[in-house]
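The primary structure of each chain is shown beneath.
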Amino acid sequence: MANNLAARADDLATMLSRENGKLLRETTWEVALAVDWLRYSAASALTQVAGRAAEPTPGLYFQSAPEAAGVAGIISPWNSPIVLTVRAIGPALGAGCTVVVKLPGQTALTNALLGEVVEETTSVPSAVVSPLTEAGNEVAPLLVSSPAVDVVSYTGSTEVGRAIAAAAAPTVKRLSLELGGKTPLIVFDDADIDSLLPLLVGACTLMNGQFCVTGSRVLVHRAVADEVRAKLSASLQSVQVGPANDPASQLGPLIDKAAVERVDKLVEEATSYAKVLVRGGPLEDPALEAGAFYRPSLLEIEELNAPLVQQEVFGPVQTFEVFDDEADAIRRANATEYGLAASVFTRNDLPLVRPDMVVARSGDASPPTSGPCRDRSWAGAARCSGIGGNYPGLMTRTKNSEHSGKAKGPTNRRGLVESEIYEHATRLFAEKGFASTTLQDIADALGVTRPAVYYYFKTKEAILARLVGEITQTSAADVHEIADRSDLAPAERLRRMTRLNVSRIAAQAARFRLLVKSESELPEEISHAHREARREVLSAFVRVVQDGIRSADFRPIDARTGALGVIGLCNWVAWWYHEGDDTDAVADTLAEMAVASLRRADERLPRERGTDGAIALLREDIDHLEQLLADQRKGG
């Protein structure tokens, strides 16, 4: 899916820019980030395998392992519908969930392209991901209230988030709510003003101010307030407003003209209690009058309970607030109900704003970025900015089990992942040869990153070592276990050993052939283990043949030659067995053939075991010979 999304990146970025007004460079960044999210989710599904086991009393084991939470309902916003949809889809698919995505009507054409990407991903079965576009509000309430939906992910306003939490309560749904924010940008008196100004402006204009972490509050130390006020006002007034596809544009249009009216009304109302530093407003350019363009505004406010301080505007509007010291800055920064993000500009140690806020620090060399997003971190939130941002944890639940006896191996999920890597690796070894295959080749075949494969197998030699262990070392241990059975006659032991070997080789004929072909390429350590295991297999068969000769079950032949003949009979199966053949019938037939090739004819079996039985047979042979000689003399 990540590859398909990358292949359609230009189409998606262009369409999204046309529909929601974000600058083309911003939508291009969004698509690239979405690709990274998918790849990271795929790698996480392979590597982040949680689970634990305990033995509270001898022989009694408790095991917990993650499993899919069920059906995930995703409600995506119009401001970043690609990345915010993918950010939830990736972990959901990685956990094994099916997904229903409700996409916004404002970006219908972008949604259609995203749906094509999903449809083109043939590795995802049909209807596992079901995207749909709705301009109204019928699907979202259904996803939230339906008992058939186990998890809901919503990104949007705090007001709607509260309604979703209430509607989900009767079914006690798992929720991820990424809601609104009033991000404070805190400028201390030691900050480099000229370096941070572009960041303050960018924090206001990024995504046209329609971003949950828009830097909507500028908090400035009184000692530098005059300088920042003047320079920030001038910078915002000079912002180039224009079409989203124009490289010269710094601020594109809002989502629609209704948004322009809403934002302008909030700013106009604020003029009654705030000092207007920059009075933006609807763009009055005749060439752009058909668009929803809005020039940035900056208003200085003293009272913390002012609506423009407390409410999320979702537009290019900033408040300017002055603080006296660190304690005052902390008080003002935490004066809203939100707790999504913050930035601090200082050369000294960072003050404590809130432990759960995203805090960036600027120095001479590395100023903070506005709205940092990474595929390796999950958006956290405090208070009314949301809950449950850890998507991998959200999409899985813990299954507990109890059993007695021997401890079980790794969790099923890990075992399945290892097996898939193993399958692709052995296929590549067979096609390209072991020496010509790299871990990157294996990762490419799986569609994951090399580190994801590395988590399970540090080297390709480790995969080959598993192959040797599976083919020869396991066989050696198992045939010795049967050979040691003193309660079984030699013929029965040989029958069971042969049947076991034939069944195992038939089940993995391609791998067996691969190992035989790769013997000359095996690293010395693995080659030594392989040779030792083969010797162990041979010694077990020789020992059983010798026991059969001693008990007179088998003909008096060279035991090693007889054992090699039986082993060869087993090994040859790898070259003629075909998938679909009756494995049990093949194993039974060859096991009987192996015993018959060594055993005396049925009528010649001794009545007694050991040397007495063998001597009795010799006497019968001598008697038979004497009778033949007597008949010959009579005939002569």
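Look above for the structure.
What you are looking at is a predicted structure, and each value in this text was computed from that prediction instead of being measured.

Q: Any chance you could explain the packing of aromatic side chains here in plain terms?
A: Two aromatic rings are characterised by how far apart their centres lie and by the angle between their planes. Enumeration according to the criterion identifies five aromatic pairs in this entry. Aromatic side chains Trp78 and Phe314 sit 5.8 Å apart centroid to centroid with 85 degrees between the ring planes, which places their arrangement in the edge-to-face category. Here Phe314 lies in the loop between helix H11 (307–310) and strand E14 (317–323) and Trp78 lies in the loop between strand E3 (71–75) and helix H4 (81–95), a separation of 236 residues in the sequence. Assessed through its relative accessible area of 17%, Trp78 is described here as buried. Note on Trp572 and Trp575: the rings are 6.0 Å apart at their centroids and 15 degrees apart in plane angle, and the pair reads as stacked. Grouped by ring-pair contacts, the aromatic residues Phe512, Trp572 and Trp575 constitute a single cluster. The aromatic ring of Phe434 is capped on one face by Lys460, whose charged end is 4.5 Å from the ring centroid.

Q: Please clarify how helix H9 (residues 225–237) should be interpreted in this entry.
A: Given 3.6 residues per helical turn, the α-helix brings residues three or four places apart onto the same face. Over its 13 residues, H9 runs 18 Å from end to end, which matches the ideal 18 Å to within 8%, given 1.5 Å per residue. Where H9 is concerned, the buried positions are Ala225, Val228, Arg229, Leu232, Ser233 and Leu236. Relative to the axis of H9, the buried residues are bounded by an arc of 125 degrees and lie together on one face. In this structure, the buried side of H9 is in contact with helix H8 (193–205), strand E9 (217–221), strand E10 (275–278), strand E13 (297–300) and E14.

Q: Before we go on, may I ask you to explain the sheet that holds strand E5 (residues 129–134) in this structure?
A: Taken in spatial order, the six strands line up as E5-E4-E3-E6-E7-E17 in an open sheet, and their pairing is mixed. Bordering the open sheet on either side are E5 and strand E17 (386–387), each of which pairs with just one other strand. Of the strand pairs in this sheet, strand E6 (residues 151–155) and strand E7 (residues 174–178) are connected by five bridges, and their pairing is parallel. By the bridge assignment, Ser153 is partnered in E7 with Ser176. Across the sheet, H4 lies against E3, strand E4 (98–104), E5, E6 and E7, angled at about 170 degrees from E4, the strand it touches most. Sitting on the sheet, helix H7 (residues 158–168) touches E3, E6 and E7, and the angle it makes with E7 is about 175 degrees.

Q: Honestly, unusual backbone geometry in this entry has me stumped. Any pointers?
A: Backbone phi values are negative for most residues with the exception of glycine, while trans is the configuration of most peptide bonds. Despite not being glycine, Asn208 has its phi angle at roughly 60 degrees, a positive value. Within the fold, Asn208 resides in the loop between H8 and E9. A positive phi angle is found at Arg383, which is not glycine, with a value near 50 degrees. On the secondary structure map, Arg383 appears in the loop between strand E16 (361–362) and E17. With a relative accessible area of 36%, Arg383 lands in the partly exposed category.

Q: Explain H4 here, please?
A: For H4, with 15 residues, the first-to-last C-alpha span of 22 Å sits near the 21 Å given by 1.5 Å per residue. For H4, the tally of buried residues reaches 13 of 15 residues, placing the bulk of the element in the interior. Positioned one or two residues after H4, Gly96 has a phi angle of 100 degrees, which is positive.

Q: It is not clear to me how the pattern of salt bridges should be interpreted in this structure. Could you clarify?
A: Proximity of charged atoms lets side chains of opposite charge pair with each other. A full pass over the atoms with the stated rule returns 31 salt bridges. Note that Arg496 is salt-bridged to Glu492, the shortest N-O span being 2.9 Å. Taken together, the residues Arg496 and Glu492, both in helix H18 (residues 490–507) and four residues apart, mark about one turn of the helix. Given a relative accessible area of 35%, Arg496 falls into the partly exposed group. Of the residues examined, Glu492 reaches a relative accessible area of 25% and is grouped as partly exposed. One salt bridge in this structure joins Arg531 and Glu524, with 3.2 Å as the shortest N-O distance. With relative accessibility at 30%, the residue Arg531 sits in the partly exposed group.

Q: Before we go on, may I ask you to explain the packing of helix H17 (residues 460–483) against helix H20 (residues 524–550) in this structure?
A: If you want to describe how two helices pack, look at the angle between their axes and the distance between the axes. Between H17 and H20, whose axes approach to 9 Å, the crossing angle comes to 15 degrees. It follows that H17 is roughly parallel to H20 by the angle criterion. Like other packed secondary-structure pairs, H17 and H20 cross with a definite hand, here left-handed. On H20, the residues that touch Glu461, Leu464, Ala465, Val468, Thr472, Gln473, Ser475, Ala476, Val479, His480 and Ala483 of H17 are Ile526, Ala529, His530, Ala533, Arg534, Glu536, Val537, Ser539, Ala540, Phe541, Arg543 and Val544. In terms of residue class, the contact of H17 with H20 is made up of 13 nonpolar, six polar and four charged.

Q: Could you clarify how one ought to interpret the side chain of Thr121 in this entry?
A: With respect to the helices and strands, Thr121 occurs in the loop between helix H5 (108–120) and E5. Looking at Thr121, its side chain comes within polar contact range of the side chain of Asn4, at 3.1 Å. Ignoring sequence-local partners within four residues, the contact set of Thr121 consists of Met1 and Asn4.

Calculation criteria
- Residues numbered from 1 in each chain as written.
- Predicted model: local features only at pLDDT ≥ 70, side-chain atom pairs only at ≥ 80, totals over all residues.
- Heavy atoms only, no water.
- Phe/Tyr/Trp six-rings, centres within 6.5 Å; stacked < 30°, edge-to-face > 60°.
- Helix = DSSP H or I, 4+ residues; strand = E, 2+ residues; numbered from the N terminus.
- Buried < 20%, exposed > 50% of the residue type's maximum accessible area, 1.4 Å probe, protein only.
- Lys NZ or Arg CZ within 6 Å of the ring centre and 35° of its normal.
- Expected span 1.5 Å × (residues − 1).
- Arc of directions from axis to C-beta.
- Contact = heavy atoms within 4.5 Å.
- Pairing = 2+ DSSP bridges.
- Axes fitted to C-alpha atoms, helices over the stretch in contact; angles between N-to-C directions.
- Salt bridge = Lys/Arg side-chain N within 4 Å of Asp/Glu carboxyl O.
- Parallel < 35°, antiparallel > 145°, perpendicular 65-115°, else oblique.
- Left-handed = near helix turned anticlockwise from the far one by under 90°.
- Nonpolar A, V, L, I, M, F, W, Y, C, P; charged D, E, K, R; others polar.
- Polar contact = N/O pair within 3.5 Å; in protein donor to acceptor, adjacent residues only side chain to side chain.

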